[in-house]
Amino acid sequence: MVKQGNRVYVADIMQGLGIWMDYQGLTEEWSSKEVRQAALYAIDSDAIFNEIGGGYGTKLDCQFVPDGWFGHNPDIKSYPYDPDKAKKLLADAGYPDGFQTKGVSTREWTFRDKEVFTAVQAYWGDVGIEMDLQFMEGAAWLDALIANVLPAVMNMDLNFWLADNSGSMRSGGLDQRVDDLRAAIKITLDDAKREALIRDLAKLYCDEAYGYWIWTVPSVYGIRGNIPDITFNGIFEMEIPTQ
């Protein structure tokens, strides 16, 4: 029961959830641009955002940085849901019957991670990408990430900041263009030039379909009605009056 006068605040935190699709080039199948693009066309990202995420957070359009943050590229749009096109791309890439792959997701490590990955598993299965999906506790997943022993497909939640926001976009040597842009970003001190480079990197990352960026992670606070004047700003910092 919600008592009269109680308040609920829902806003983004500076973190996004995504799924990397073999950015290191560990497998023959995922090293194909057409396969990665097919995987994105196979996902109904609007349904995942609205039905699994409940519309909370901010839907990410094929880039890790949301609208209003440093490096966001307004010209980038998500891949539309098109399973027929996904199947054609798989056939063009040499996989008319699909293929098998492995994936790892945390469970309850971040906002509805298990539910998202389960939905992606089903969407991919519809076009022939059969994923053997394993769920790990957060601590075990983090140890495996640090040891670099996770499989080609894995979930990832990363923070976004004002200064750079290229940390989520990497190639592990798979794409020299990505590595060159990331290196240039780190040594570019002019904010406008650095932001332009980040936007270029975001477009390249989307064009190559290296990841499926889902949403910014929401946070929810409930405030009892007898606690006055507490509010939250745009990045969900609590603002408490001092007088």
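A brief look at the structure comes next.

The rules behind each value
Residues numbered from 1 in each chain as written. Predicted model: local features only at pLDDT ≥ 70, side-chain atom pairs only at ≥ 80, totals over all residues. Heavy atoms only, no water. Helix = DSSP H or I, 4+ residues; strand = E, 2+ residues; numbered from the N terminus. Buried < 20%, exposed > 50% of the residue type's maximum accessible area, 1.4 Å probe, protein only. Contact = heavy atoms within 4.5 Å. Areas by Shrake-Rupley, 256 points an atom, 1.4 Å probe, with all protein chains shown as cover. Axes fitted to C-alpha atoms, helices over the stretch in contact; angles between N-to-C directions. Left-handed = near helix turned anticlockwise from the far one by under 90°. Nonpolar A, V, L, I, M, F, W, Y, C, P; charged D, E, K, R; others polar. Pairing = 2+ DSSP bridges. Core = buried A, V, L, I, M, F, W, Y, C linked by side-chain atoms within 4.5 Å.

1. A closer look at the overall build of the protein chain
Counting secondary structure elements, the protein chain contains seven helices and seven strands. In the protein chain, the succession of α and β elements from N to C terminus is β-α-α-α-β-α-β-α-β-α-α-β-β-β. Classification of the 243 residues of the protein chain by burial places 49% in the buried group. Contacts in the protein chain between residues far apart in sequence, at least 24 positions, make up 76% of those at least 6 positions apart. About 12400 Å² of surface is accessible on the protein chain, with carbon and sulfur atoms providing 50% of the total.

2. Describing the packing of helix α2 (residues 45–52) against helix α4 (residues 113–127)
The relative placement of two packed helices comes down to the angle between their axes together with the axis-to-axis distance. Look at α2 against α4: their axes get within 11 Å of each other, and the N-to-C directions meet at 145 degrees. The crossing of α2 and α4 is right-handed. Residue-level inspection shows A47, I48 and I52 of α2 in contact with α4, the latter providing E115, V116, A119, V120 and Y123. Looking at the contact of α2 with α4 residue by residue, the class counts come to seven nonpolar, no polar and one charged.

3. Some thoughts on the pairing of strand β5 (residues 211–223)
Taking burial as the measure, the 13 residues of β5 include ten buried ones, the bulk of the element. Sheet topology places strand β1 (residues 7–21) next to β5; eleven bridges connect them, and they run antiparallel. When the sheet's bridge partners are listed, D12 is paired in β5 with P218.

4. Digging into the nonpolar core
Burial of nonpolar side chains together is a common tendency in soluble globular proteins. Judged by nonpolar contacts, the single largest core of 43 residues is most densely connected at W30, I48, W124 and W215. Looking at this core, the elements with two or more residues in it are β1, α1 (33–41), α2, α3 (83–92), α4, β3 (129–136), α7 (191–207) and β5. By residue number, the principal contributor to this core is α4, which donates seven residues. Setting aside residues no more than four positions away along its own chain, W30 makes contact with M21, D22, V35, R36, A39, F99, T101, W124, I129, A152 and V153. Judged by nonpolar contacts, the second largest core, of 26 residues, contains F64, M156, L201 and Y210.

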